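The chain contents come next:
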Amino acid sequence: MSLLVMGTVALDDIETSRGTRKDLLGGSGAHCAMSASLFAPVHLVGIVGEDFPKRHISLLRSKGVDLTSVEVSGGKTFHWTGAYDARDWNTAVTKQTELGVLQNYVPRITEEQSRAPYVFLANNAPDLQKSILDQVRDPKLIGLDSMNLWIVNMRKSLLKLLKRVDLFVANDREAQMLTGESNLYSAARALRKMGPRFIVIKKGEHGVIFICDEFQFSFPAFPVTRVVDPTGAGDTFAGGLMGYLTRTGRLTKTNFKRACLYATVCASFNVEGFGPSRTAPLTMPDVEDRLKVFLNFI
């Protein structure tokens, strides 16, 4: 089983109370693919500019991520500059966004990738996500992520997408914004009515809620005591979730629970370092060891 991940591949400049870093490997697709690659073969779809550092390409390849459909185009890579206040690690303050080559990007995948049984559309413009849906052939599970920008500015396109996917991953504020519901369980049920069979709501340091027609459950977050940089934590969570489901090949209650547990553990590593500094060297034994700690905790 393999997983097709479409999302941004970016350069991030991050400022937190722990320090400042520039030109980090970032983007929803990159973080998601690195996490998912721990569990299953991953094909990444995205675009970078000629300025994209070779060390980032080497890192993704070292994790076993297939970069066949990561296009290298003339121009600059999508670049995001953001900051966090230690009093609110869940909210990033965007200081600057340079779309670069992403501005005129048209995603293309190979014939082999079009038959991938598992597909995840990481956070990106809904029209770009739709272009991938139009190219894949009868996948077993399609997952989708989004953000407040698209909820506000491309709501109609996003609502159309929701009718075509099986699983929707959102954070608590996005779920409330999209549905108009302040109660998260009500928001999850409202999202279910919009189309996706499976709803996952991330609550940051407060854990995760999962809802479908047959069952529902909730888990706390892993108790991280020192947050360094939460950028990409949600994408890392999504990668762990989809990666585990891809590896098992069965959409059962037990597997969804295990997928959310693994996803939570993967995300807990992400927030402990800038960019991918903690997830880059991560191995499955590392994840399994922390999972045991997590299970004991809950």
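Scroll up a little and you will see the structure.
Let me sum up the structure you'll find in this document. Counting restarts for each chain: residues are numbered from 1 in the order of the written sequence. Two thresholds apply to this predicted model, a pLDDT of at least 70 for residue-level local features and 80 or more for giving and counting side-chain atom pairs, whereas whole-chain, interface and lining totals are computed over all residues. Derived side-chain values reflect all non-hydrogen atoms in the structure, with water molecules and hydrogen atoms excluded from consideration.

In a beta sheet, neighbouring strands pair by backbone hydrogen bonds and run either parallel or antiparallel. Any two strands are treated as partners once DSSP identifies two or more bridges connecting them. Think of it this way: any DSSP run of H or I at least four residues long counts as a helix, any run of E at least two long counts as a strand, and we number them from the N terminus. Taken together, four strands build an open sheet; the order of strands is β3-β2-β6-β7 and the sheet is mixed. Of all the strands in the sheet, just β3 (19-26) and β7 (88-98) have a single pairing partner and so form its edges. Adjacent strand axes in the sheet meet at a mean angle of 25 degrees, parallel and antiparallel pairs treated alike. Both strand β2 (residues 10-16) and β3 contribute to a ladder of six bridges, which runs antiparallel. Within β3, the position partnered with Thr16 by the bridge is Gly19. Only C-alpha atoms enter the line fits that serve as axes; for helices the fit covers just the stretch in contact. Angles between N-to-C directions range over 0 to 180 degrees.

Before going further, it helps to examine the pairing of strand β10 (residues 167-171). Within a regular strand, side chains alternate between the sheet's two faces. Buried residues dominate β10, accounting for four of its five residues. Note: strand β9 (residues 141-145) against β10, three bridges, orientation parallel. By the bridge assignment, Leu144 is partnered in β10 with Phe168. As paired elements, β10 and strand β11 (residues 198-202) share five bridges and run parallel to each other. Across the sheet, Phe168 pairs through a bridge with Ile199, a residue of β11. Working definition: with a 1.4 Å probe on protein chains only, accessible area under 20% of the residue-type maximum means buried, over 50% means exposed, and in between means partly exposed.

Planes of paired rings set the category: under 30 degrees apart is stacked, over 60 is edge-to-face and the rest tilted, where pairs are Phe, Tyr or Trp rings (Trp by its six-membered ring) whose centres lie within 6.5 Å. Across all of its chains, the model carries 13 aromatic pairs by this definition. Taken together through their ring pairs, the aromatic side chains of Phe198, Phe210, Phe215, Phe217, Phe219 and Phe256 make up a single cluster. Over the ring of Tyr262 we find Arg247; its NZ or CZ atom is 6.0 Å from the centre of that ring. Over a ring means this: the NZ of a Lys or the CZ of an Arg is within 6 Å of the ring centre and within 35 degrees of the ring normal. Its end group placed over the ring of Phe269, Arg290 keeps NZ or CZ at 3.8 Å from the ring centre.

Now for helix α2 (residues 54-62). What α2 keeps buried is the set His56, Ile57, Leu59 and Leu60. Viewed along the axis of α2, the buried residues span an arc of 160 degrees, placing them on a single side of the element. Seen from the open side of α2, the exposed residues pointing more than 90 degrees away from its buried face are Lys54, Arg55, Arg61 and Ser62. Contact definition: two residues touch when any of their heavy atoms are within 4.5 Å. Where α2 is buried, its residues contact β2, β3, α1 (28-36), β4 (42-49) and β5 (65-73). Gly64, located one to two residues past α2, shows a positive phi value of around 85 degrees. Arc definition: it is the arc formed by the directions from the helix axis to the C-beta atoms.

Bringing a nonpolar patch on the surface into the picture now. Patch definition: residues above 30% relative accessible area lacking any salt bridge, with like charges linked at up to 9 Å and the nonpolar side chains Val, Leu, Ile, Met, Phe, Trp and Tyr linked at up to 5 Å. Values of accessible area rely on a 1.4 Å probe in the Shrake-Rupley scheme; residue burial ignores everything except the protein chains shown. Salt bridges are counted wherever a side-chain nitrogen of Lys or Arg sits within 4 Å of a carboxyl oxygen of Asp or Glu. Among the surface-exposed residues, Leu295, Phe297 and Ile298 lie close enough to one another that they form a single nonpolar patch of about 270 Å² accessible area. By the secondary structure assignment, Leu295 is in helix α11 (residues 284-297).

Here we come to the sheet that holds strand β8 (residues 118-121). As summarised here, the arrangement of the nine strands in space is β5-β4-β1-β8-β9-β10-β11-β12-β13, forming an open sheet in which the pairing is mixed. Whereas interior strands pair on both sides, the edge strands pair on one side only; in this sheet they are β5 and β13 (216-219). Across the sheet, the mean angle from the axis of one strand to that of its neighbour is 15 degrees, orientation sign disregarded. In terms of strand pairing, β8 meets β9 through four bridges, oriented parallel. Of the residues in β9, the one forming a bridge with Tyr118 is Leu141. Against the sheet, helix α7 (residues 172-179) makes contact with β9, β10 and β11, and its axis sits at roughly 110 degrees relative to β10, the strand it touches most.

On to the environment of Asn123. By the element assignment, Asn123 lies in the loop between β8 and α4 (126-133). Spatially, the C-alpha atoms of Asn123 and Trp150 are 9.2 Å apart, while their sequence positions differ by 27 residues. Setting aside its immediate chain neighbours within four residues, Asn123 contacts Gly7, Thr8, Ser28, Gln129, Asp145, Ser146, Met147 and Trp150. Under this definition, polar contacts are N or O atom pairs within 3.5 Å; protein pairs additionally need one hydrogen-donor-capable and one acceptor-capable atom, and for neighbouring residues in sequence, both atoms have to be side-chain atoms. In terms of polar contacts, Asn123 uses its side chain to reach the side chain of Trp150, at 3.0 Å.

This next bit is on unusual backbone geometry. Residues other than glycine seldom take positive phi values, yet Asp23 does so here, at roughly 55 degrees. Mapped onto the elements of the fold, Asp23 is located in strand β3. A relative accessible area of 34% means that Asp23 is categorised as partly exposed. Despite not being glycine, Asp138 shows a phi value in the positive range, around 50 degrees. Looking at the secondary structure, you find Asp138 in the loop between α4 and β9. Classification of Asp138 by relative accessible area gives exposed; the value is 75%.

Attention now moves to the side chain of Ser35. Here Ser35 shows up in helix α1. We classify Ser35 as buried; its relative accessible area is 5%. Of the polar contacts made by the side chain of Ser35, one reaches the backbone nitrogen of Gly240; its length is 3.0 Å. Among all residues touching Ser35, those that are not within four sequence positions of it are Thr236, Gly239, Gly240 and Cys266.

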